[in-house]
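# Summary of structural features
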Amino acid sequence: MTERTNIRESITKSFHDALERTDSKLLVDNLSDDIVLLQSGLDSLGFAILVAILDEELGFDPFAMMDEPVYPVTFGEFVSIYEKISPTE
Amino acid sequence: MDLVVVTGAFKGLGFAICKHLLKNGYSVVGIGRTLTSEYQELQEQYQDYLFHEVFDFNNIEDIKALSKKITSKYGVIYGLVNNAALGHDGVLATMHESQIEELIRVNVQAPIVLTKYISRSMLIRQRGRIINISSVIATTGYNGLSVYGATKSALSGFTRSLARELGRANITVNTVAPGFMDTSMTSSLKGEKLDSIRRRSPLNRMATVDDVANSVGFLLTPAADNITGSTITIDAGSTA
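Criteria and thresholds
For every chain, the first residue of the written sequence is number 1, and numbering continues from 1 onward in sequence order. Starting at A for chains and at 1 for ligands, labels are handed out in the order in which the entities are written. The model is predicted, so local features are restricted to residues of pLDDT at least 70 and side-chain atom pairs to those at 80 or more, both for listing and for counting; the totals for chains, interfaces and linings are taken over all residues. Values shown for side chains rest on all heavy atoms present in the structure; no hydrogens or waters enter the calculation. UniProt positions are given in the numbering used here, feature names are shortened, and annotations may be inferred rather than shown by experiment. Side-chain atoms within 4.5 Å are what join buried Ala, Val, Leu, Ile, Met, Phe, Trp, Tyr and Cys residues into a set we call a nonpolar core. Working definition: with a 1.4 Å probe on protein chains only, accessible area under 20% of the residue-type maximum means buried, over 50% means exposed, and in between means partly exposed. Elements are defined by DSSP. Helices are runs of H or I of four residues or more, strands are runs of E of two residues or more, and each kind is numbered from the N terminus. In what follows, residue pairs with any heavy atoms lying within 4.5 Å of each other are defined as contacts. Lines fitted to C-alpha atoms define the axes here, with helix axes fitted over just the stretch in contact, and angles between the N-to-C directions of these axes take values from 0 to 180 degrees. These descriptions rest on fixed angle ranges, namely under 35 degrees for roughly parallel, over 145 for roughly antiparallel, 65 to 115 for roughly perpendicular, and the rest for oblique. Residues were grouped as follows: Ala, Val, Leu, Ile, Met, Phe, Trp, Tyr, Cys and Pro as nonpolar; Asp, Glu, Lys and Arg as charged; and all remaining residues, including Gly, as polar. Throughout, the accessible surface (probe 1.4 Å) given up by two parts as they are put together, summed over both, is called the buried area. Counted as salt bridges are all cases of a side-chain nitrogen of Lys or Arg within 4 Å of a carboxyl oxygen of Asp or Glu. Side-chain atoms alone can form a polar contact between residues adjacent in sequence; in general such a contact is a pair of N or O atoms within 3.5 Å, and within protein one must be able to donate a hydrogen while the other accepts it.

An unreviewed UniProt entry lists chain B under the name SDR family oxidoreductase, from Parendozoicomonas callyspongiae. Among the UniProt annotations of chain B, the heading Sequence similarities (unreviewed entry) holds the following wording: "Belongs to the short-chain dehydrogenases/reductases (SDR) family."

The name given to chain A in an unreviewed UniProt entry is Carrier domain-containing protein, with the source organism recorded as Parendozoicomonas callyspongiae.

Structure (C-alpha cells):
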C-alpha cells in the first residue's frame, strides 16, 4: 500500500470518527473527491476535531506548516493538501 | 490522574497554582522562563507528579513544537492555565514600541497560540478546562498600565468567544481576574500606593495568590462543570 493510499484511508476513517464525536451524520452518499466539505455534514468544530485527530495519527498538521492560510473547498482538495505536505512524501 | 499545564509556573501566582493542584491530586507540567529553587524543591516533593519545561513565550513560532512535546512526553492534557504574562508599566506616550510589542506577544498572542495546540488533545477526548488569568485592570484601568490592561482585556474577550466555540466539545473556558496581589510583578508598588489599594478593599486587605489558586482549582473540579465563559474576580472586593 502506498503512502498516498494510507493518508487517504486515514483521512476517511478519521472523518467518520469526527462525525461520530460531534453527533453528526454524513449528508452525502460517500466521500468522493468532488464533495463540498461544507455540505458533507461535518461542521467547523468537526473539522477542528478532524485536524486534531489527524495530527495525532499522522504526526503532522499541514495547515500549521503552510506559510499562507489555505482553506480547501472539496474533500479531494483536503486530501491533496495532506498528500502534498506529508513529511514522508 | 488529570494532567494540567500551567504557564508562568516557576514563581508567584503560577507557583501557588501548581502547589494547590498538586495538593488536590493533579499532575502538573509547569512552563516558565527560568527555573527557580522553590519550584525544584516542589518537584523533589512531588517527583512523579510535577514536571517542567523551560520556555520563553516570546518564541511564538516554537509553541507548536512545545505543545507536541508536552503531549507526547506527559500524555493527555485535561487543563490549561494561561498564567504567564509580562507586567511592564509606564506611560504610553513614552513606552518603547518594542515593549508594547512584547507585551502583546507574550500576554495575548502566546496564550492564544498555546491554547490552539493544547486544546487539540481536549477536542479529541471531548473533555477539558481552559483558564485564562486576566486582571481587574482589564475592566477598571490603572494609570501606567494601559498596554498591560489592553492585553488583559483581550484575554477576557478570548475567553468568552472560545467558550462558545468549544462548549459543544465539553471544554470549558473561563477567566480568573485577580486584583493586586503581593508578587514580584507588583513589587514596584510600595508604601502609599499599596496602602491605597488596601483601603479600597471593603475587607481592608489584598487578595493573596493562594486565594486565586483556590479559584483556579475550583474551575478544574466537576463542581464547575457548568461554568464557562465566566470571569471570577478575586480582589478582596476592591472593584465591588
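### Quick look at the nonpolar core
Across soluble globular proteins, you tend to see nonpolar side chains buried next to one another. By size, the foremost hydrophobic cluster in this structure holds 58 residues, and its most contacted members are Phe15(A), Phe78(A) and Phe57(B). Counting residues per element, this core draws most heavily on helix 4 (residues 97-125) of chain B, which supplies 10 residues. Residues within four places of Phe78(A) in sequence aside, it is in contact with Ile11(A), Leu37(A), Phe47(A), Leu50(A), Val51(A), Leu54(A), Phe63(A) and Pro72(A). In terms of nonpolar packing, the next biggest core, distinct from the first, is built from 32 residues, Phe15(B), Cys18(B), Tyr39(B) and Val81(B) among them.

### Points about the packing of helix 1 (residues 12-23) of chain B against helix 2 (residues 37-45) of chain B
Relative orientation and spacing of two packed helices are given, respectively, by the angle between their axes and the distance between those axes. Residue and element names in this part refer to chain B. Close contact between helix 1 and helix 2 brings their axes to 11 Å; oriented N to C, the two are set at 10°. Judged by the inter-axis angle, helix 1 sits roughly parallel to helix 2. Here Gly12, Phe15, Cys18, Lys19 and Leu22 of helix 1 come into contact with helix 2, specifically with Glu38, Tyr39 and Leu42. A breakdown of the residues in the contact of helix 1 with helix 2 according to their chemical character gives five nonpolar, one polar and two charged.

### Describing the interface of chain A and chain B
If you look at the interface, chain A gives 16 residues, while chain B gives 12 residues. Among the residues of chain A in contact with chain B, Arg21(A), Leu45(A) and Glu56(A) are the three that bury the most area, contributing 41% of the side total. Summed over the shared surface of chain A and chain B, the number is five salt bridges. The partner of Arg125(B) in a salt bridge is Glu56(A), with the nearest N and O atoms 3.2 Å apart. At the boundary of chain A with chain B, the tally comes to seven residue pairs in polar contact (both at pLDDT 80 or more). The set of elements that each furnish at least two residues to the side of chain A that touches chain B consists of helix 2 (44-58) and helix 3 (62-65) of chain A. Residue contributions to the side of chain A that touches chain B peak at eight residues, all from helix 2 of chain A. Counted by class, the side of chain A that touches chain B contains nine nonpolar, two polar and five charged residues.

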